[in-house]
Amino acid sequence: MPTLTVDGARVHYHRTGEGPALVLVHGTGSAGAAVNWGQITPRFAGHRTVIAPDLSGTEATVDDGGPLTAEGLAAQVVAVVEDAAEGPVDLLGFSMGASVTAAVAALRPDLVRRLVLAAGWAHTDGDAYLRSLFTLWQELGTASPAAFGRAVATTGFSRGFLNAIGRERFEALIPNMPPTEGTLRHIDYDLRVDIRHLLPRVQAPTLVVGATQDITVPVEHSRALHAAIAGSSYAEIDAGHVMFFEQEDAFVKLVTDFFEG
């Protein structure tokens, strides 16, 4: 994987396909881009150059271990875009990655052609539910790694999806997000997210996508992001938090149609 240094961090990124650049920014979890985007990358790579950074906190990227910020993570995405692409890119951020990509669009509008924010949120501390859930993840990650994995898998998907895939496939989801030091750094960041001051600065055409059955980041947060970004479009998918696993075809079509205008 290509690697570059950003403020002392050795940042890895993945690059595949040919065509206009599409940058995918992952959510919480030290496995990074591979777990989030591995399944759907081939759907885009046939007609796009897909670039997927592994941000600080992932296993592939090494840094000083300090607290993460939206601006610091955005700087890593900016560096990857400047290293791997020519001209403005289409940018898609999921969950934690939505806050990062919104920061990129606000701070470096010259680099973003179009922006998609999926299952994101702008401010953690204003929602007692969100704050409590992330705090629970922190406590389970320290006290019971097995319970942590089960809790994250349970909240990451809708009840209907979990029942449809059966027990064996559900159990296979549990190890996907182990409570490593990096994952816990991401959760610490999640608890401190507040990008409200950046949202009015987003100039790129933006699509906000909410998941109607999301019990990790309830859909009201996506609706609030849409309201805070002037001129943005909004759509909902009937799925849990990891909407592109549950409704892959619908997600890919929605995103592709928006990026292709």
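Summarised in this report is the structure supplied together with it.

Cut-offs applied
For every chain, the first residue of the written sequence is number 1, and numbering continues from 1 along that sequence. In view of the model being predicted, local features appear only for residues whose pLDDT reaches at least 70, and side-chain atom pairs are presented and counted only at 80 or more, with totals across whole chains, interfaces and linings using the full set of residues. Only hydrogens and water are set aside when side-chain values are computed; all heavy atoms of the structure are taken into account. By definition, any uninterrupted DSSP run of H or I lasting at least four residues is a helix, any uninterrupted run of E lasting at least two residues is a strand, and each is numbered from the N terminus. The contact definition used throughout considers only heavy atoms, calling two residues in contact when any of these lie within 4.5 Å. As used in this structure description, the phrase polar contact means that two N or O atoms lie within 3.5 Å; if the pair is within protein, one of them must be able to donate a hydrogen and the other to accept it, and residues adjacent in sequence are counted only when both atoms belong to side chains. A simple rule labels every residue: compare its accessible area, found with a 1.4 Å probe on the protein chains alone, to the largest value its type can have, and call it buried under 20%, exposed over 50%, or partly exposed in between. When DSSP finds two or more bridges between two strands, those strands count as paired. Think of each axis as a best-fit line through the C-alpha atoms, taken over the contacting stretch in the case of a helix, with angles from 0 to 180 degrees between the N-to-C directions. Each angle is binned into one of four classes, with values under 35 degrees roughly parallel, values over 145 roughly antiparallel, values of 65 to 115 roughly perpendicular, and all other values oblique. Residue type decides the class: Asp, Glu, Lys and Arg count as charged, Ala, Val, Leu, Ile, Met, Phe, Trp, Tyr, Cys and Pro as nonpolar, and the leftover types, Gly among them, as polar. Every case where a carboxyl oxygen of Asp or Glu lies within 4 Å of a side-chain nitrogen of Lys or Arg is listed as a salt bridge. Take the buried Ala, Val, Leu, Ile, Met, Phe, Trp, Tyr and Cys residues and link them wherever side-chain atoms come within 4.5 Å; each set so joined is a nonpolar core. The definition of a right-handed crossover adopted here requires that, viewed with the strands pointing away, the path from the first strand over the helix to the second runs clockwise.

## Brief notes about the environment of I51
At step 1: Within the secondary structure, I51 is located in strand 4 (residues 49-54).
At step 2: For I51 and L24, which are 27 residues apart along the polypeptide, the C-alpha to C-alpha distance reads 6.3 Å.
At step 3: When residues no more than four places from it in sequence are discounted, the contact partners of I51 are Y13, H14, R15, A21, L22, V23, L24, V80, A84 and A85.

## Focus on the side chain of S30
At step 1: Of note, S30 is situated in the loop between strand 3 (21-25) and helix 1 (33-37).
At step 2: One polar contact links S30 to T180, side chain to side chain, over a distance of 2.7 Å.
At step 3: If near-sequence neighbours (up to four positions away) are discounted, S30 is found in contact with G57, T58, E59, P178, T180, G182, T183 and H186.

## What about the pairing of strand 1 (residues 3-6)?
At step 1: Residues L4 and V6 of strand 1 are buried on one face, while the alternating residues T3 and T5, pointing to the opposite face, are not.
At step 2: Bridge analysis of strand 1 against strand 2 (residues 9-16) gives four bridges, and the strand direction is antiparallel. Across the sheet, T3 pairs through a bridge with H12, a residue of strand 2.
At step 3: Count of turn residues in the strand 1/strand 2 antiparallel hairpin: two residues, of which D7 carries a positive phi of about 50°.

## Side note on the packing of helix 3 (residues 70-84) against helix 4 (residues 96-107)
At step 1: The interhelical angle for the contact between helix 3 and helix 4, taken along N-to-C directions, is 75°, at an axis separation of 8 Å. Between helix 3 and helix 4, the angle is such that the two are roughly perpendicular. Contacts between helix 3 and helix 4 involve A70, E71, L73, A74, V77 and V78 from the first element and V100, A103, V104 and L107 from the second.
At step 2: Looking at the contact of helix 3 with helix 4 residue by residue, the classes come out as nine nonpolar, no polar and one charged.

## Let's talk about the pattern of salt bridges
At step 1: For the structure on display, the rule yields 13 salt bridges.
At step 2: A salt bridge links R192 to D188, with the nearest nitrogen and oxygen atoms 2.9 Å apart. Note that R192 and D188 are positioned in helix 8 (residues 181-192) at a spacing of four residues, about one turn of the helix.
At step 3: Overall, R192 belongs to the partly exposed group, its relative accessible area being 39%.
At step 4: When its relative accessible area of 29% is taken as the criterion, D188 is described as partly exposed.
At step 5: As a salt-bridge pair, R223 and E236 come within 2.7 Å of each other at their nearest N and O atoms. Placement of R223 in helix 9 (residues 220-228) and of E236 in strand 8 (residues 233-237) is noted, with a sequence separation of 13 residues between them.
At step 6: Relative accessible area serves as the criterion here: at 38%, R223 is assigned to the partly exposed category.
At step 7: Looking at E236, the relative accessible area reads 33%, which means it is partly exposed.

## Regarding the sheet that holds strand 5 (residues 89-94)
At step 1: Taking strand neighbours across the sheet as the criterion, the eight strands line up as 1-2-4-3-5-6-7-8 in an open arrangement whose pairing is mixed. Here the strands that pair on one side only, and so sit at the sheet edges, are strand 1 and strand 8. Ignoring strand direction, the axes of neighbouring strands in this sheet form an average angle of 25°.
At step 2: Contacting strand 3, strand 5, strand 6 (112-118), strand 7 (206-211) and strand 8, helix 11 (residues 248-260) crosses the sheet at an angle of about 155° to strand 6.

## What about the nonpolar core?
At step 1: V23, I51, V77, L91, L117, W137 and Y189 are the most contacted members of the largest nonpolar core, which totals 59 residues.
At step 2: For this core, the element with the most residues is helix 3, which contributes nine residues.
At step 3: Apart from the residues lying within four places of it in its own chain, the contact partners of Y189 are L68, T69, A70, L73, M96, S99 and V100.
At step 4: Of all hydrophobic cores here, the second largest spans 36 residues; its members include W37, V209, A211 and F258.

## Topic: the pairing of strand 5
At step 1: The element strand 5 is extensively covered by neighbouring structure, given that six of its six residues are classed as buried.
At step 2: Along strand 5, one buried face is formed by V89, L91 and G93 and the opposite face, lined by D90, L92 and F94, is buried too.
At step 3: Looking at chain direction, strand 3 and strand 5 are connected through four bridges and run parallel. Paired with V23 across the two strands is L91, which belongs to strand 5.
At step 4: In terms of strand pairing, strand 5 meets strand 6 through six bridges, oriented parallel. In the sheet register, L91 faces strand 6, and the bridge partner there is L115.
At step 5: With helix 4 bridging strand 5 and its parallel neighbour strand 6, the resulting β-α-β unit is right-handed.

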